[in-house]
Structure formats: structure tokens, C-alpha cells
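# Summary of the model geometry
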Amino acid sequence: MTNTPLSASTHTGTARSPANSPPQASLQHRPLAAPKMDGISWVLLLVLSLLWGGSFFFTEIALQDLPPFTLVLARVALASVILWLVIIIRHIRLPQSRAIWGSFLIMGLLNNLLPFSLIVWSQTYIAGGLAAILNATTPLFTLLIAHIATDNEKLTRRKVIGVITGFIGVLIVTGIPSFTALAPETHTTTENSLSLTAIAPFAVLIAAISYGCASVFGRRFKNTPPIVTAAGQTTASSLMLLPLVVLIDAPWTLPFPTLPTWLAVAGIASISTALAYILYFKLLARAGASNLVLVTFLIPISAIFLGFFFLNEALAQNDIVGMLTIGLGLAIIDGRPFAWLRKTVF
């Protein structure tokens, strides 16, 4: 009879007992650690809010000569050219997987085309202040989507309290528009426009949900260079926007833009899009979807400070109170300031 072969360790008496073996099964099923905001992540978040807050200044200038969809296309198309030039100059390797390239298309739809289009359309029927408030619900939707779709970004009481506090801060900064001023002054009031005015707020909410889906979907690009992901997304959204611009804006019929408009488009494309999306995907990989969208709360603060320093705009009392409230909400989400207070004071 042939004996069953034994390992060398069994013969020498050094074999590990089952009690001493590492718990392989428990290691394999251990849940992933929830992503946290460290110091570098907070710096990236603040810089990103400044880049996106500055887009309001560029947009205000460019809209004097360009219709909305044409401006959006110019923004993402020029950003694509800048990003691809940097990729070529730096010889950055491109992903070989077809699935990744298909994912760029979905990311461009969720993070650019759908929300940009919905928000632009809604602002022809509702005031910009109301649109800004509704867009600030993005972190709320992202928390819910991340809780359902991920294993390591589950809802916690601290996150919910922090996001609600931040949203209240946004309400304080922007104010709550009266229902008599929902539509822009230039909009003609008809029975059809009134019905569309009732629908328009839901368009912004759908845009906020789309941003939340994009933040969670973008987690799959963690191992892709952020600049490549940004270039893929903006290229895909440019291709999808082109038919809309041709059908709706007919830009070839427009007067030639002025120099300030060209400079504004260059600024919003290079600074508020190309560079901003590199930071966006870097922060997404580092801190997760639910932490990334906290930038929505900081953008109004950035816009206020930029206006204060560069346009000599005064800081109103509600601006200061709202910024402090937003800061409180972010501190609640981070948790470390309150942990430090407990150790120091109590």
C-alpha cells in the first residue's frame, strides 16, 4: 500500500497546529476600512472648491457672448485638448482595458452632460439662488447612494448630522428665494412656462443625484492616473454635447466672441475644468465619494471670498454666519476637532 505523502514539516515535528494558523477566511471577508479625510485631503478639497468657485466669474463673463450649451462644450472640449497635451508630453501610459474606456463615456454622461444640461435648462425657469440650494443636496444623495452601492462608505449618524448642518449653512449663505421670484425676470410668464417652472426644481435634484452617482461610479478609476480619467471624461462629454450644440445653439450663426470671452473660456477650461478634475479624481481615490462631494458646501464660500478679494464685494452678516455653519458641519463630519476638544477640555 502506498502511504499518503507528508510534508517535511510534519516529519520534523514543526507543523503548525490549526490553532496557530492565520484566520484566512476572516481576513478575506474583513470589510474594507471607510475612507477618511486626512490633512492632505482637506487641502485638496479647499483648492478644488476655489477652482470651481472661480468658474462663476468666468461663466458670468463668457455668457455675455455665448449661449449655455456652447459655453459648456467649449469648456470641456478645450479642457480635453489641454489634458491630452499634458498626457502626450509626459508620456503617461493609457489604460488598455476597453471597459475603462467605456466607463469614461458613462462618467462623462453622469458628471458632465446630464447635470450640466439639467441645471442650465432649469435656470431658464427658476432663479439661480434656488438652483444653488437644490444643487447643495448633492452630498445628501451621495451619502445614500454610497451607502447602498459600496461596502465601506456606510451611513453614520455623524455623517448625516454633518451634512444636514452644512446644507443649513448653504441656505443661510444663499437665502431662500420667495415663491413669487422662482422664475428669472426675463422669462415670459405663460401657462406652459408655469408648468415648466414647477418641474424645473426636480431637474436640479436629478442633476444632484447624477453627481452623486458619478462620485460613486468614479471609484473604479482608483488605479487609473487622475489626468487620464479627467481627459477621458471630458472627451466623452464633448462628443455627446456636440449634437446638442448644433441642434439648439447653432453657434455658427453667433457674432464672433470678444477678447474677454475668449479669456474667460480659457480660464474656465484650464483652471476650473482641466486642473479641477485632476484634483477631483485624485481626491476621490484618496477620500471616497461621500467625502469628495463636501466640496459642494465649500464652493459658495470660495465664491464669496473671491468676490471679496477681487471684486471688492462686501461680506454680509448672513455670509459670515453661513460660512461658520458650513464649517461646523464639516467639523462634525471630520470628527477630529471634537475628539481633540474632548481630550483637551474634558
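Structure's up top.
Let me begin by describing the structure that accompanies this report. Model, not experiment: these values are computed from the prediction.

### Here we look at the overall build of the protein chain
Along the backbone of the protein chain there are 16 helices and zero strands. The burial tally for the protein chain puts 45% of its 346 residues in the buried class. Taking the contacts inside the protein chain whose residues are at least 6 apart along the sequence as the reference set, 88% of them involve residues at least 24 apart. Summed over all atoms, the accessible surface of the protein chain reaches about 19100 Å², with 69% contributed by carbon and sulfur.

### Focus: the packing of aromatic side chains
The tally for this structure, following the rule as stated, stands at eleven aromatic pairs. Taking the centre distance of 5.8 Å and the plane angle of 45 degrees together, the rings of F256 and W262 count as tilted. Here F256 falls in the exposed class, since its relative accessible area comes to 69%. Owing to a relative accessible area of 45%, W262 belongs among the partly exposed residues under this scheme. For the ring pair Y277 and Y280, a centre distance of 5.5 Å and an interplane angle of 75 degrees mean the geometry is edge-to-face. In this pair, Y277 and Y280 both sit in helix α12 (residues 259-287), three residues apart, roughly one turn of the helix. Each member of the pair Y277 and Y280 is classed as buried. Clustering of aromatic rings is evident, with ring pairs tying together W52, W84, W101, F104, F217, F221, Y277, Y280 and F281.

### Focus on the packing of helix α6 (residues 98-122) against α12
Remark: α6 packs on α12, axes separated minimally by 14 Å, with the N-to-C direction vectors making an angle of 130 degrees. What the angle tells us is that α6 and α12 run oblique. In the packing of α6 onto α12, the handedness of the crossing is right-handed. For the pair formed by α6 and α12, the contact residues are M107, N111, N112 and F116 on the first element and Y277, Y280 and F281 on the second.

### Quick word on the side chain of S80
In this fold, S80 is placed in helix α5 (residues 68-89). Residues within four places of S80 in sequence aside, it is in contact with A231, T234, T235 and S238.

### Points about unusual backbone geometry
A positive phi angle, close to 55 degrees, is found at H91, a residue other than glycine. Phi at A250 is positive, roughly 45 degrees, even though this residue is not glycine. Within the secondary structure, A250 is located in the loop between α11 (226-249) and α12.

The rules behind these values
Residues numbered from 1 in each chain as written. Predicted model: local features only at pLDDT ≥ 70, side-chain atom pairs only at ≥ 80, totals over all residues. Heavy atoms only, no water. Helix = DSSP H or I, 4+ residues; strand = E, 2+ residues; numbered from the N terminus. Buried < 20%, exposed > 50% of the residue type's maximum accessible area, 1.4 Å probe, protein only. Contact = heavy atoms within 4.5 Å. Areas by Shrake-Rupley, 256 points an atom, 1.4 Å probe, with all protein chains shown as cover. Phe/Tyr/Trp six-rings, centres within 6.5 Å; stacked < 30°, edge-to-face > 60°. Axes fitted to C-alpha atoms, helices over the stretch in contact; angles between N-to-C directions. Parallel < 35°, antiparallel > 145°, perpendicular 65-115°, else oblique. Left-handed = near helix turned anticlockwise from the far one by under 90°.

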